[in-house]
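Chain residues, written in single-letter form:
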Amino acid sequence: MHLVPDRKIGLRTALVAIVVGGIVLSATALHLVWWRTATAVSRDLVDVLETQITSAVRREWWGVVGEVERLSQGMRDLLDASEGWDQAERILIAASRPSPTLSWLLLVPPAGMVIAIESLSDDALRLVHAGGDGTASVKGTIARPHAQAPAVVPDPPAALLVRGEAWLAQAASSATPLWVDVARTPDGGRPAVAFAGATRRGLLVAMMDYGRFARLLGSIPVGRTGGSFVVGPDGAVVSAPGAGARAVAAELRAAARAAGERVASRAPAALNIEEKARLEVDGEGYAVALSPLWFKGWQLAIIVPEAEFLAEIDRTIRALVVGLALFLLAAGGLVAIGARRFLADPVTRIAGDLRLVQRFELENIPHRPSRLAEIDQLSAAIARMAAGLADFAKFIPTELVRRLVASGMRAEPGGERRELTVLFADLAGFTSLSERLGDRVVPIVSQFLELASQAVETEGGTVDKFIGDAVMAFWGAPSPDADQALHACRAALALADAMAAAQGRGEPLGELRVRIGLHTGPAIVGNVGSTRRLNYTALGDTVNLAARLEGVNKVYGTTILLSAATATAAGAAIVTREIDTVAVYGRNEGVRLYELLGRAGTAPSPTDARYADALARYRAGHFADAAALVAKRTDGPSRWLAARCRALAADPPAAGWQPVTQLDAK
């Protein structure tokens, strides 16, 4: 399974996100509270507005209805007491002049001429007679009291549609006055309602068309864009404000039709109830208040678009969003600057210091003062920790620790088998020098160990331990090293050169000689010890042989001895000469020994070939010849070989002799 690494964010980004997020959450919470409160208040205001408008329309409507009924009752009484049609006509004219409510006032006898008074405007009436066939005859125009302007007289109707209308038959069949629906006014105009009752002269009809009621509805303001409607029990819109300045938009009419459908869907028992609802038409919301007029099953519908009372809230929200965005930009910028200066940069520097501590690079980790107490305390603690670790690092191989940390190796017991090149270095003559100098020998030892550590670390090796005046180091762990043998040889040569330089300067260290042994082979390397204390070291025969080779230098008078394995691994990059085959203390098989003479390019001495010839004669058993070849040489291996050959020539070995020098001491 493919694992996606965790994505990290910076401290500055996190702080900005937290602060800005807190502002956004707070602003959102306040906005929601404000929005809900404002919306609730707005809806309450709409409810109050709808209630007031409903009451006003009801009062107006019932005022009109009551006026018509009272006027009709008074005229019926007068008509019953009148004498002749002329007097009846005068009664109708007198009753119509002051009342702008009626559209038509009719006196319809069972047969014969119909007297009709048509309301032309708020300023004038028209008297019309209709014969038995309905043909209209205009008798004159009558000005209303207090007329403000000359009457505008429309064309007279050609006929009065009264006889044969369904509403007339319905009214004539009633023993008491009643309201009836009129499909069309006598001039063939719009629908109307009429209050009709019988008199001695005929049927008295007071008629009001829907247009007048629509003007009544239009004259009552319902907010800026709302309207008042009347819907019938079947859901049809009976009347709507459709004239003058209060004409309503098509969307509002669609909302009125939706309100009518809501009324039509009611059960008969729930027809005349008051109801407040929210309707959505074409994606727009409308607040609707339905209440009965208690007249013919009609319902008064007060409709207000929600956008009217929520528009200001929406504008405020938009302004708030813009303001909040600007505020967030400003706040985010200030927070980013402050976070970077007071938090991110100091924490970044402290994180860098901790990475140095992690890599065990403890030098020059300073205390970084900060105005924030916690960061200042943290930096001071890190500086103190680095200083303490730097002091402690003098007791451990710090380069080893760095490598172990870099490789991710845990500090727990365990090891692995690896190919290593092991170096042992020791001071010759140290015992006598220490007896002579006493405790003053400590700086000399420290100087030697410093030179040895520097030489090893320069070539990428690991200083394992100091054993008195001796040093153990190895290459190939914890990091693999393909050229470990060459690097070990270079370190050995560098240490030998450093000792020679100390001797040239006349330093006390120069009075001593260094002996170095090198061997390459498999070894167990890792953390050795207990759970309380560990030592990263190498174990095995390879380590033991390298330690023995360091001591073998005393036998041959050499400085650096290495095994054939190390010489072969280092290759042509170094110059060596074979010294002997030796079975060191504790081993039965022989090991070919080589003396390290220098780096590649160093010209070998002309006598080196003589030593090689002498060594070959020695191994062939020609001891006298071998001794003669190196008799006059003064180097340590030549002196040893000459002495060895003379001894064997004087006391020849038994048959089956092998040219292996057996050493009985470490």
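Since we're looking at a predicted model, the values are computed, not measured.

> Can you explain the pattern of salt bridges? Please cite residues and give values.
Inspection of the entire model under this criterion finds 17 salt bridges. The partner of R577 in a salt bridge is E595, and the shortest N-O contact between them spans 2.8 Å. Pair noted here: R577 is in strand 19 (residues 574–583) and E595 is in strand 20 (residues 591–599), with a separation of 18 residues, a long-range link. A single burial state applies to R577 and to E595, both of which are buried. The closest approach of N and O atoms between D635 and R577, which form a salt bridge, is 2.8 Å.

> Account for the nonpolar core, with residues named and values stated.
Grouped together as the largest cluster of nonpolar side chains are 41 residues, with contacts concentrated most on F448, I516 and L518. By residue number, the principal contributor to this core is helix 11 (residues 484–504), which donates eleven residues. Beyond its immediate stretch of four places on either side in the chain, L518 contacts V422, L423, A488, C489, A492, L549, I560, L561, L562, S563 and T566. Membership of the second largest hydrophobic core comes to 39 residues, among which are M75, L102, L125 and M208.

> Before we move on, could you go through empty space enclosed by the protein and cite the residues and values that matter?
Under the counting rule described, the total for this entry stands at one cavity of 30 Å³ or more. Considering only enclosed or pocket space, the largest cavity measures out at about 50 Å³ in volume. Broken down by secondary-structure element, the contributors of at least two residues to the lining of the largest cavity are strand 1 (104–108) and strand 2 (114–119). Grouping the amino acids of the lining of the largest cavity by side-chain chemistry returns five nonpolar, four polar and two charged.

> Let's hear about the confidence of the model for the protein chain: which residues, and what values?
Regions with low pLDDT carry predicted coordinates that are not meant to be interpreted in detail. On average, the protein chain scores 81 in pLDDT, and the residues at 70 or more come to 85%. Segment residues 243–247 is flagged for pLDDT under 50; beyond a separation of four residues in sequence, or across chains, it makes twelve contacts in the model.

> Hey, could you go over the environment of A616 for me, with residue numbers and the actual values?
Examined against the element boundaries, A616 turns out to sit in helix 14 (residues 608–620). Sequence separation of A616 and D580 is 36 residues, and the distance between their C-alpha atoms is 10.0 Å.

> Describe in detail the packing of helix 14 against helix 16 (residues 636–650), supporting the description with residues and values.
Between two packed helices, both the angle of their axes relative to each other and the distance between the axes serve to describe the pair. Between helix 14 and helix 16, the least distance of the axes is 11 Å, while the angle of their chain directions is 25 degrees. For the element pair helix 14 / helix 16, the angle class is roughly parallel. Our pair here, helix 14 against helix 16, has a crossing hand that is left-handed. Of the residues in helix 16, those in contact with Y611, A614, L615 and Y618 of helix 14 are P637, S638, L641, R644, C645 and L648. Here the contact of helix 14 with helix 16 is composed, by residue class, of eight nonpolar, one polar and one charged.

> Kindly report on the sheet that holds strand 12 (residues 299–305), identifying the contributing residues and their values.
With antiparallel pairing, the five strands of this open sheet are ordered in space as 9-8-12-11-10. Among the strands making up the open sheet, the edge pair consists of strand 9 (237–239) and strand 10 (275–281). Geometrically, the sheet is characterised by an average inter-axis angle of 40 degrees between neighbouring strands, direction not taken into account. Direction of pairing for strand 8 (residues 227–231) relative to strand 9: antiparallel, over a ladder of two bridges.

Each value, and the rule that gives it
- Residues numbered from 1 in each chain as written.
- Predicted model: local features only at pLDDT ≥ 70, side-chain atom pairs only at ≥ 80, totals over all residues.
- Heavy atoms only, no water.
- Salt bridge = Lys/Arg side-chain N within 4 Å of Asp/Glu carboxyl O.
- Helix = DSSP H or I, 4+ residues; strand = E, 2+ residues; numbered from the N terminus.
- Buried < 20%, exposed > 50% of the residue type's maximum accessible area, 1.4 Å probe, protein only.
- Core = buried A, V, L, I, M, F, W, Y, C linked by side-chain atoms within 4.5 Å.
- Contact = heavy atoms within 4.5 Å.
- 1 Å grid on protein atoms, 1.4 Å probe; cavity = no way out; pocket = protein on both sides within 12 Å on 5 of 7 lines; lining within 4 Å.
- Points joined across faces, edges and corners; volume = space filled by probe spheres on them.
- Nonpolar A, V, L, I, M, F, W, Y, C, P; charged D, E, K, R; others polar.
- pLDDT = per-residue confidence, 0-100.
- Axes fitted to C-alpha atoms, helices over the stretch in contact; angles between N-to-C directions.
- Parallel < 35°, antiparallel > 145°, perpendicular 65-115°, else oblique.
- Left-handed = near helix turned anticlockwise from the far one by under 90°.
- Pairing = 2+ DSSP bridges.

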